Amino acid sequence: MSELLPNFVAGRWVPGTGAGTALFDPVTGDELARVDATGLDLPAAFAFARDTGGAALRALSYGQRAELLARIGAVLQAHRDAYYAISLANSGTVKNDTAVDVDGAIYTLGQYAKWGAALGERRFLLDGDAVRLGKEPVFHSQHVQVPTEGLALFINAFNFPAWGLWEKAAPALLSGVPVVVKPATATAWLTQRMVKDVVDAGILPPGALSIVCGSSAGLLEQLQPFDVLSFTGSAETAALIRRHAAVAERSVRVNIEADSLNSALLLPGAAPGSEAFELLVKEVAREMTVKSGQKCTAIRRVLVPADVYGAVAEAVSARLANTTVGNPRNGTVRMGALVSRAQKAAVQEGLAQLKTQAEVLHDGARLALVDADPERSCCVAPTLLGTRDADGAHLVHDTEVFGPVATLVACRDLPHALALARRGQGSLVASVYGSQAGELARTALALAASHGRVHVVSPEVAAAHSGHGNVMPQSLHGGPGRAGGGEELGGLRALNFYHRRAAIQAGSAVLGELG
Ligand code: NAP
C-alpha cells in the first residue's frame with residue numbers, strides 16, 4: 001500500500017486513522033500516496049492555531065512577518081526540484097505548467113515579503129486620514145485595520161496545489177493570521193510536502209500553519225466569528241459553503257473563487273495577419289493548452305467579428321496542431337494530462353454538451369498521444385469549437401469545461417461582443433486585442449464592471465504583457481457574480497480580508513499616539 005501522508009495539526013504530525021483516499025499518477029494510473037483526516041481532534045487543532053499561532057504571529061510586526069515569508073520562499077526554492085517531481089507524477093504536468101504553479105507560488109511569496117518589509121515595525125494599519133467630528137477641531141474619527149483574532153481556513157482546488165496555498169497564505173501570514181489549509185484531495189501531495197518542508201525548517205511559530213488532508217468533513221463546523229474562510233472550487237461547493245451555519249449564522253467572512261466563463265475579444269478592424277489578430281490567436285492557443293486548460297482564468301470563449309471567424313478558426317487550429325499531448329516525461333510532449341479520471345470524465349461530458357450547440361473546428365484527438373495509453377491515462381487533446389449562432393448557443397456562455405477546450409463565437413459588432421462577454425454572468429478575466437488605444441480603453445472600462453481583471457493586449461505590449469491567464473499578485477484576482485464575488489491579491493489590498501476595520505473616535509492627543 002502507498003504511503004499515508006500525515007496531517008499537521010496542533011503542532012504535530014498526525015496520520016488519519018482510516019484507510020485513506022488514494023492519489024494517482026494521471027498518466028500511468030499508478031497509486032502514489034494516500035490522505036486521510038479521520039480521527040483528528042479538529043476542535044483542539046483549530047484552538048491551537050487560533051490561540052497559540054495567532055498570538056505568536058500578532059506579537060510580530062509586519063516587517064518581521066515579511067521576513068518569515070522571505071524565508072519560506074527560500075525554503076521552497078531549495079526544494080523546487082522535489083516539487084517539480086511531485087507535480088509531474090501527481091498532476092501530470094510538463095515543466096512549463098509546473099512552473100506556473102510552483103514558481104508562481106515562490107514569486108507571489110517574494111512579492112508579499114517585499115511589500116510587507118515596507119510596512120516595517122507597524123503592528124496595525126491606518127485606514128485613511130482622521131476626519132473631524134463636530135464643530136471644534138478636537139474630536140476625530142480615524143479608521144484602523146487590525147489583524148483579525150481568528151484563523152484563516154483555506155479550502156483549495158486541485159489545479160494549483162502550490163500557488164493556491166501560498167497566494168492565500170502570504171497575505172494571511174503577513175497580516176498576522178494563522179493558516180489551516182485543506183488542499184483538494186486529488187493533488188494534495190504537493191501542498192502537504194511544501195507544508196512539511198516549511199515546518200521542518202522551523203520558520204514559523206507553532207500553530208501558524210496547519211494542514212488537513214482528505215475529507216473536508218467537520219472543518220466548517222469549527223469556524224468561529226473572527227475566523228475567515230477562503231474557498232476555491234466549483235460553484236456547487238461554493239453554494240453549500242454560503243449556506244453553512246458558520247457563514248449564514250456566525251458571520252464568518254468568506255471569500256469565494258468559483259468557476260468562470262472568461263473571454264477574449266478581438267476588436268473590429270483587426271484583419272487576419274495584423275498584429276492584434278496574431279496576438280489573439282497566439283494567446284488563445286496558449287490558454288487552451290497551459291495546464292491542459294485547467295486554469296480558472298483560461299479563455300473559454302473567443303469573441304471575434306463575424307468576418308474573421310473563419311480566419312481565426314484556421315489560425316488557432318494551425319497552432320493547436322503543433323501541440324504534442326501525452327506523458328510529460330517525454331521531452332517532446334508540450335501538454336500533459338488532466339489531474340484525474342474524474343476530471344477527464346467531466347471534460348468529456350462537458351465537451352459532448354457543447355458539441356450539441358457548436359461545431360468542431362479543431363479536434364486534437366486525431367493525433368496519437370505520446371507515451372500514454374488513451375484508455376489508462378487522463379490525457380485529453382485540445383478541441384476548438386465554434387458557433388456563428390452567438391445568441392442561440394446558450395451552453396457556450398453557461399458551461400465551464402475545465403480542460404483544453406474553447407469556443408470561437410462570431411459577433412455582429414462590438415456592442416454584441418460586450419453583451420456576450422457579460423453573458424458569463426461575472427468572470428475572472430477578459431482580454432481585449434486591438435491597436436487603437438482609445439477603443440481599447442473604452443472597451444476595457446465597459447468590461448470592468450463584470451470582470452475582476454481586464455487584460456488589454458496591443459502591439460506596444462506584444463512582448464511585455466503578462467498573459468491573459470497569469471494571475472499576478474500586483475493585480476486583483478476574483479470576479480463578480482458567477483466567478484464567486486471574491487477578491488484576492490492586488491498587492492496590499494489583499495490584507496483587508498485578514499483584518500478587522502474599526503473607527504477610533506478620539507481627541508487629537510490620543511490619535512497622535514496611533515502614529
Ligand atoms: P470542488 O469539487 O468544489 O472542490 C474544491 C475544494 O472543496 C476541494 O478541496 C474539495 O475537497 C472541497 N470540498 C468538496 N466538497 C466540499 C464540501 N461539501 N464542503 C467543503 N469543502 C468541500 O472543485 P473542483 O472541481 O476540485 O475544482 C474545479 C473548480 O474550481 C473549477 O470550476 C474552477 O473554475 C474552480 N477554480 C477557481 C479558481 C479561482 O481562483 N477562481 C481557481 C481554481 C479553480 P476534495 O478534493 O477532498 O473533494
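The rules behind the values
- Residues numbered from 1 in each chain as written.
- Predicted model: local features only at pLDDT ≥ 70, side-chain atom pairs only at ≥ 80, totals over all residues.
- Heavy atoms only, no water.
- Pairing = 2+ DSSP bridges.
- Helix = DSSP H or I, 4+ residues; strand = E, 2+ residues; numbered from the N terminus.
- Axes fitted to C-alpha atoms, helices over the stretch in contact; angles between N-to-C directions.
- Contact = heavy atoms within 4.5 Å.
- Parallel < 35°, antiparallel > 145°, perpendicular 65-115°, else oblique.
- Left-handed = near helix turned anticlockwise from the far one by under 90°.
- 1 Å grid on protein atoms, 1.4 Å probe; cavity = no way out; pocket = protein on both sides within 12 Å on 5 of 7 lines; lining within 4 Å.
- Points joined across faces, edges and corners; volume = space filled by probe spheres on them.
- Nonpolar A, V, L, I, M, F, W, Y, C, P; charged D, E, K, R; others polar.
- Domains from an automatic or database assignment.
- Phe/Tyr/Trp six-rings, centres within 6.5 Å; stacked < 30°, edge-to-face > 60°.
- Buried < 20%, exposed > 50% of the residue type's maximum accessible area, 1.4 Å probe, protein only.
- Lys NZ or Arg CZ within 6 Å of the ring centre and 35° of its normal.
- Near = heavy atom within 4 Å.
- Polar contact = N/O pair within 3.5 Å; in protein donor to acceptor, adjacent residues only side chain to side chain.
- Areas by Shrake-Rupley, 256 points an atom, 1.4 Å probe, with all protein chains shown as cover.
- Patch = residues over 30% accessible without salt bridge, like charges linked within 9 Å, V, L, I, M, F, W, Y side chains within 5 Å.
- Salt bridge = Lys/Arg side-chain N within 4 Å of Asp/Glu carboxyl O.
- Core = buried A, V, L, I, M, F, W, Y, C linked by side-chain atoms within 4.5 Å.

**Overview of the sheet that holds strand E13 (residues 263-266)**
Next, step 1: Read from one edge of the open sheet, seven strands run E15-E16-E17-E14-E13-E18-E19, paired in mixed fashion. With one partner strand each, in any of the chains shown, strand E15 (359-363) and strand E19 (451-457) form the two edges of the open sheet. The mean angle between the axes of side-by-side strands here comes to 20°, regardless of whether they run parallel or antiparallel.
Next, step 2: For strand E16 (residues 383-387) and strand E17 (residues 405-411), the ladder comprises five bridges, and the chain directions are parallel. Each bridged residue has a counterpart across the sheet, and for threonine 387 the counterpart in E17 is valine 409.
Next, step 3: Here helix H14 (residues 437-448) sits on the sheet and contacts E13, strand E18 (427-433) and E19; the angle it forms with E19, its principal contact strand, is near 165°.

**Quick look at the packing of helix H9 (residues 275-289) against helix H10 (residues 309-320)**
Next, step 1: Look at H9 against H10: their axes get within 9 Å of each other, and the N-to-C directions meet at 50°. Taken together, H9 and H10 sit at an angle that is classed as oblique. Regarding H9 and H10, the two cross each other, and that crossing is right-handed. For the pair formed by H9 and H10, the contact residues are Phe277, Leu280, Val281, Lys282, Val284, Ala285, Met288 and Thr289 on the first element and Ala311, Val312, Ala315, Val316, Arg319 and Leu320 on the second.

**Description of the layout of surface pockets**
Next, step 1: Taken as a whole, the largest pocket holds about 670 Å³ of empty space.
Next, step 2: Looking at the largest pocket, it is lined by 31 residues, and the ones nearest its centre are Phe158, Ser234, Asp259, Glu400 and Phe402.
Next, step 3: Each residue belonging to the lining of the largest pocket can be placed in one class, and the counts come to eleven nonpolar, eleven polar and nine charged.
Next, step 4: No fewer than three residues from each of domain 1 (4-258 + 488-514) and domain 2 (262-474) sit in the lining of the largest pocket.
Next, step 5: Of the pockets and cavities examined, the second largest pocket occupies roughly 450 Å³.
Next, step 6: Lining the second largest pocket are 20 residues, with Asn96, Arg286, Thr289, Val290 and Arg334 positioned closest to its centre.
Next, step 7: In terms of residues, the lining of the second largest pocket owes the most to one element, H9, which gives five residues.
Next, step 8: When grouped by side-chain class, the residues that make up the lining of the second largest pocket number seven nonpolar, five polar and eight charged.
Next, step 9: Counting contributing residues per domain, the lining of the second largest pocket is built from domain 1 (4-258 + 488-514) and domain 2 (262-474), each supplying no fewer than three.

**As for the packing of aromatic side chains**
The way to describe two aromatic rings as a pair is by their centre distance and the angle between their planes.
Next, step 1: Applying the stated criterion across every chain yields a total of five aromatic pairs.
Next, step 2: Ring centres of tyrosine 112 and tryptophan 115 lie 4.9 Å apart, and the angle between their planes is 85°; this geometry places the pair in the edge-to-face category. Linking tyrosine 112 with tryptophan 115, this pair stays in helix H4 (residues 95-117), spanning three residues, or about one helical turn.
Next, step 3: The interplanar angle of 85° and the centroid separation of 5.0 Å between the aromatic rings of phenylalanine 497 and tyrosine 498 together place this pair among those described as edge-to-face. Considered together, phenylalanine 497 and tyrosine 498 belong to a single accessibility category, that of buried residues.
Next, step 4: The side chain of arginine 65 reaches across the aromatic face of tyrosine 62, ending 4.7 Å from its centre.

**Concerning the side chain of histidine 362**
Next, step 1: Among the structural elements, histidine 362 can be located in strand E15.
Next, step 2: Taking relative accessible area as the criterion, histidine 362 reaches 11% and is therefore assigned buried.
Next, step 3: The contacts of histidine 362, once residues within four sequence positions are left out, are Ser317, Leu320, Ala321, Pro382, Thr383 and Leu384.

**Focus: the site of the ligand**
Next, step 1: Taken together, 25 residues lie near the ligand, and Asn156, Thr185, Ser234, Thr237 and Glu400 sit nearest.
Next, step 2: For the ligand, an oxygen atom lies 3.3 Å from a polar atom in the backbone of glycine 233.
Next, step 3: Separating a nitrogen atom of the ligand from a side-chain N or O atom of glutamate 257 is a distance of 3.4 Å.
Next, step 4: Coverage of the ligand by the protein chains reaches 80% of its 910 Å² of free accessible surface.

**Thoughts on the sheet that holds strand E22 (residues 499-507)**
Next, step 1: Read from one edge to the other, the open sheet built from three strands follows the order E6-E7-E22, with strand pairing classed as antiparallel. Whereas interior strands pair on both sides, the edge strands pair on one side only; in this sheet they are strand E6 (125-132) and E22. With strand direction ignored, the average angle separating the axes of adjacent strands in the sheet is 20°.

**Let's talk about a nonpolar patch on the surface**
Next, step 1: Nonpolar side chains collect at one region of the surface, where Leu133, Val138 and Phe139 lie side by side and expose about 240 Å² of accessible area between them.
Next, step 2: Position of leucine 133 relative to the elements: it lies in the loop between E6 and strand E7 (139-147).

**Re the environment of alanine 372**
Next, step 1: With respect to the helices, strands and loops of the structure, alanine 372 is situated in the loop between E15 and E16.
Next, step 2: With relative accessibility at 13%, the residue alanine 372 sits in the buried group.
Next, step 3: Sequence-distant contacts of alanine 372, defined by excluding residues within four places in its chain, comprise Val27, Gly326, Asn327, Ser377 and Cys379.

**Concerning the nonpolar core**
The nonpolar side chains of a soluble globular protein tend to be buried, and buried together.
Next, step 1: Membership of the largest hydrophobic core comes to 57 residues, with the highest contact counts inside it found for Leu69, Ile72, Leu76, Phe154, Trp166, Leu173 and Leu204.
Next, step 2: Here this core takes eight residues from helix H5 (residues 163-175), the largest share from any one element.
Next, step 3: Excluding its chain neighbours within four sequence positions, the residues that come into contact with tryptophan 166 are Ile72, Leu76, Ala105, Leu109, Pro171, Met194, Val198 and Leu209.
Next, step 4: With 35 residues, the next largest nonpolar core counts Val27, Ala337, Leu354 and Leu420 among its residues.

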